[in-house]
Amino acid sequence: MNRIFSGVQPTGNLHLGNYLGAIRNWVRLQDDYECMFCLVDLHAITVWQDPVALRSNTREVTAGLLAAGIDPKKHIVFNQSQVPCHAELAWIFNCVARLGWLNRMTQFKEKAGKNREKASVGLYAYPNLMAADILLYKATHVPVGEDQKQHLELVRDIATKFNNDFGTALFPVPEPLILGEATRVMSLRDGSNKMSKSDPSDLSRINMTDDADTIAKKIRKAKTDPEPLPTSQEGFKGRPEAANLMGIYAALSDTSVNDVLNKFGGGQFSTFKQKLADLAVSVLGPIDSEMRRLTGDPAYVDSVLKDGADRANAIAGPILAEIQEVVGFLRP
């Protein structure tokens, strides 16, 4: 069976965008792939993290994955820092990747902004660690969104260069896994910006820990315009909030945007918002309840991560030994 590696930063506050854009897809991959779901806490510390919050957020995000339907018995759920091979292979890849490759990474430019000289070396070399995450397990496929396509291309370049440099076929060149039409969830307060946990307004997002009343309230207060709902996709031009809300309905109901346009086009936002709120509560309500139960049982969450780390180490250790042999490290 082909192997998938998927990572999520344990920075807490999972929201609807995380669920529709990634987590739900991961749940659906479990029957067809061997899956490794990683809480990438080494990536998280490329920017400052409060240690107490990092531990708490790692448990919370793990609880969110489990509540959404990830099965930790059939697949591996672990936090990255508990498998030291990730860091060792990342150093090897620091010596394989070229500066010019990293200089082209647009995400570093966006995250570092004007304070590029004050950014951590870890933030700059982040893509090499991402390559190590994937290639350490000889993953064959990686689910990717728009913002990760460039990083996966770098992973493929590193795998190819390593194989060429050392005259080996050790690493498979992983393929991107793009699962149907991308679900890009935007802010409920500004349809031109992505839904984000860093937005200062909690009304801008639906958190996976929001209860039914809070979900309904946020959808009622979502920004709209005075016109009736569009009847075709052309009608979304200049109306990002309408496009966002109808896109969310389509994603939650597993239908197309055209189906939603046919069903609600020409109607009023007030009626549509009530239908959307009911749908969101029916989908997210059970996840919220289970997530709250799991966060109340940290010992169980920790046991899942410990078991996952043990199983991940069992896979990673022999592969790293193979890599060390190829590179020429003396292993007495």
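Rules of the game
Residues numbered from 1 in each chain as written. Predicted model: local features only at pLDDT ≥ 70, side-chain atom pairs only at ≥ 80, totals over all residues. Heavy atoms only, no water. Helix = DSSP H or I, 4+ residues; strand = E, 2+ residues; numbered from the N terminus. Rg over C-alpha atoms; globule rule 2.2 N^0.38 Å. Buried < 20%, exposed > 50% of the residue type's maximum accessible area, 1.4 Å probe, protein only. Contact = heavy atoms within 4.5 Å. Areas by Shrake-Rupley, 256 points an atom, 1.4 Å probe, with all protein chains shown as cover. Salt bridge = Lys/Arg side-chain N within 4 Å of Asp/Glu carboxyl O. Disulfide = S-S within 2.5 Å.

Student: Looking at this structure, how should I read the overall build of the chain?
Tutor: Counting its regular elements, the chain contains 13 helices and five strands. Relative to the compact-globule value of 20 Å for 332 residues, the chain shows a C-alpha radius of gyration of 21 Å, a close match. Each principal axis of the C-alpha atoms in the chain carries an extent, and together these give about 70 × 45 × 40 Å. The proportion of buried residues among the 332 residues of the chain is 48%. A sequence separation of at least 24 residues applies to 76% of the contacts in the chain between residues at least 6 apart. Surface exposure of the chain reaches about 15,800 Å², of which carbon and sulfur atoms provide 51%.

Student: Would you mind going over the environment of Thr 295 with me for this structure?
Tutor: Of note, Thr 295 is situated in helix α12 (residues 269-295). Overall, Thr 295 belongs to the partly exposed group, its relative accessible area being 41%. Separated by 228 residues in sequence, Thr 295 and Ala 67 have C-alpha atoms that sit 10.0 Å apart. Among all residues touching Thr 295, those that are not within four sequence positions of it are Glu 60 and Ala 63.

Student: Explain the environment of Met 291 to me, please; I cannot follow it from the model alone.
Tutor: Tracing the chain through its elements places Met 291 in helix α12. Taking the C-alpha atoms as reference, Met 291 lies 41 Å from Gln 324; in sequence the two are 33 residues apart.

Student: What should I look at first to understand the pattern of salt bridges in this one?
Tutor: Side chains carrying opposite charge are able to pair once their charged atoms draw close together. Going through the model one piece at a time under the given rule, you end up with 17 salt bridges. Taking the shortest distance from any N to any O, the salt bridge between Arg 293 and Glu 290 comes out at 2.8 Å. With Arg 293 and Glu 290 both in helix α12 and three residues apart, this pair spans about one turn of that helix. For Glu 290, a relative accessible area of 26% corresponds to the partly exposed category. Put simply, Asp 202, Arg 205, Asp 210 and Lys 218 are held in one network by salt bridges that share partners.

Student: For this particular structure, what's the right way to read the state of the cysteines?
Tutor: In a disulfide, the sulfur atoms of two cysteines are held together by a covalent bond. Counted under the stated rule, the structure contains zero disulfides. Among the cysteines around Cys 35, which has no disulfide bond, Cys 38 carries the closest sulfur, lying 13 Å off. Exposure remark for Cys 38: the relative accessible area of 1% places this residue in the buried category.

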